[in-house]
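Each chain is listed here by its residues.
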Amino acid sequence: MKITNDIKYIGVNDHKIDLFEGQYKVPNGMAYNSYAIIDEKIAIMDSVDKNFMEEWQANMEAVLEGRKPDYLIVQHMEPDHSANIDNFLKLYPDAVVVSSAKAFAMMKNFFGTEYEDRRIVVGEGDTLNLGKHVLTFVTA
């Protein structure tokens, strides 16, 4: 789905889930939001639930048009949005993970690694230049 000429929605919908966070009813299911920013450098924003890797990958490939992502931006580590970080990095071995120091510590717990050889640690006010787009990181 096109958000702008350069930003595409590549997330997936889960119509089988009935409770968000295991406690809130979601009769229409929920979305695992992920976006691709297509620029000189390509950034993928967040991954998706573990059950949706194939659909997410197909969505990525459709908007990448043969290009490879340069970055995976990990905004938070809730498993429904971070479960496929390791799978993404296996699929795109040249991609770099961009996230906070705390998120990388959580990745160590989830995946057994902090991706020391392919990461950028960001904090409040840091930026990442993709070309026309410059991402500014805000701690929330």
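Structural notes, computed from the coordinates. Given the structure is predicted, the values throughout are model-derived calculations rather than measurements.

Conventions adopted
Residues numbered from 1 in each chain as written. Predicted model: local features only at pLDDT ≥ 70, side-chain atom pairs only at ≥ 80, totals over all residues. Heavy atoms only, no water. Pairing = 2+ DSSP bridges. Helix = DSSP H or I, 4+ residues; strand = E, 2+ residues; numbered from the N terminus. 1 Å grid on protein atoms, 1.4 Å probe; cavity = no way out; pocket = protein on both sides within 12 Å on 5 of 7 lines; lining within 4 Å. Points joined across faces, edges and corners; volume = space filled by probe spheres on them. Nonpolar A, V, L, I, M, F, W, Y, C, P; charged D, E, K, R; others polar. Buried < 20%, exposed > 50% of the residue type's maximum accessible area, 1.4 Å probe, protein only. Salt bridge = Lys/Arg side-chain N within 4 Å of Asp/Glu carboxyl O. Arc of directions from axis to C-beta. Contact = heavy atoms within 4.5 Å. Polar contact = N/O pair within 3.5 Å; in protein donor to acceptor, adjacent residues only side chain to side chain. Expected span 1.5 Å × (residues − 1).

## Topic: the pairing of strand β9 (residues 96-99)
Part 1 of the reasoning: Relative to β9, strand β8 (residues 71-73) runs parallel, the two sharing 3 bridges. When the bridges of β9 are listed, L72 appears paired with V97.
Part 2 of the reasoning: Summarising the sheet, β9 and strand β10 (residues 119-121) pair through 3 bridges and their orientation is parallel. Following the sheet pairing, S99 is matched in β10 by V121.

## Re the layout of surface pockets
Part 1 of the reasoning: The calculated volume of the largest pocket comes to roughly 510 Å³.
Part 2 of the reasoning: Contributing to the lining of the largest pocket are 21 residues, with V74, Q75, S100, V138 and T139 lying nearest its centre.
Part 3 of the reasoning: Of all the secondary-structure elements, those providing two or more residues to the lining of the largest pocket are α4 (101-111) and β12 (134-136).
Part 4 of the reasoning: Among the elements that make up the lining of the largest pocket, the one with the highest residue count is α4 (4 residues).
Part 5 of the reasoning: Along the lines of polarity and charge, the residues of the lining of the largest pocket split into 12 nonpolar, 7 polar and 2 charged.

## Here's the deal with unusual backbone geometry
Part 1 of the reasoning: Phi at E65 takes a positive value of approximately 50°, unusual for a residue other than glycine.
Part 2 of the reasoning: Assessed through its relative accessible area of 70%, E65 is described here as exposed.
Part 3 of the reasoning: Even without glycine at this site, Y115 takes up a positive phi of about 55°.
Part 4 of the reasoning: Tracing the sequence through the fold places Y115 in the loop between α4 and β10.
Part 5 of the reasoning: Accessibility expressed as a relative area gives 6% for Y115, which makes it buried.

## Concerning the pattern of salt bridges
Part 1 of the reasoning: Summed over the entire model, instances satisfying the criterion amount to 3 salt bridges.
Part 2 of the reasoning: When the shortest N-O distance is used, the salt bridge between D86 and K90 registers 3.1 Å. In this pair, D86 and K90 both sit in helix α3 (residues 85-91), 4 residues apart, roughly one turn of the helix.
Part 3 of the reasoning: On the accessibility criterion, K90 (61% relative accessible area) is exposed.

## As for α4
Part 1 of the reasoning: Along α4, the residues classified as buried are A103, F104 and M107. Considered in projection along α4, the buried side chains sweep an arc of 100° and stay on one side of the axis. More than 90 degrees from the buried face of α4, the exposed residues found are K102 and N109.
Part 2 of the reasoning: Buried positions along α4 lie against α3, β9 and β10.
Part 3 of the reasoning: Of the residues flanking the end of α4, it is G112, one or two places downstream, whose phi is positive at about 80°.

## Examining the side chain of D39
Part 1 of the reasoning: With respect to the secondary-structure elements, D39 resides in the loop between β6 (35-37) and β7 (43-45).
Part 2 of the reasoning: Among the polar contacts listed, one links the side chain of D39 to the backbone nitrogen of K132, at a separation of 2.9 Å.
Part 3 of the reasoning: Ignoring sequence-local partners within four residues, the contact set of D39 consists of R67, L130, G131, K132 and H133.

## Here's the deal with helix α1 (residues 53-64)
Part 1 of the reasoning: Here α1 spans 16 Å end to end across 12 residues, near enough to the 16 Å set by a 1.5 Å rise per residue.
Part 2 of the reasoning: Every buried residue of α1 is listed here: M53, W56, M60, V63 and L64. The buried residues of α1 occupy an angular sector of 100° when the element is viewed end-on, so they sit on one face. Opposite its buried face, α1 presents the exposed residues E54 and A62, each directed more than 90 degrees away.
Part 3 of the reasoning: Tucked inside the fold, the buried residues of α1 contact β1 (7-9), β2 (12-14), β6, β7 and α3.
Part 4 of the reasoning: Residue E65 follows α1 closely and has a positive phi angle near 50°.

Coordinates in, geometry out; function isn't part of it.
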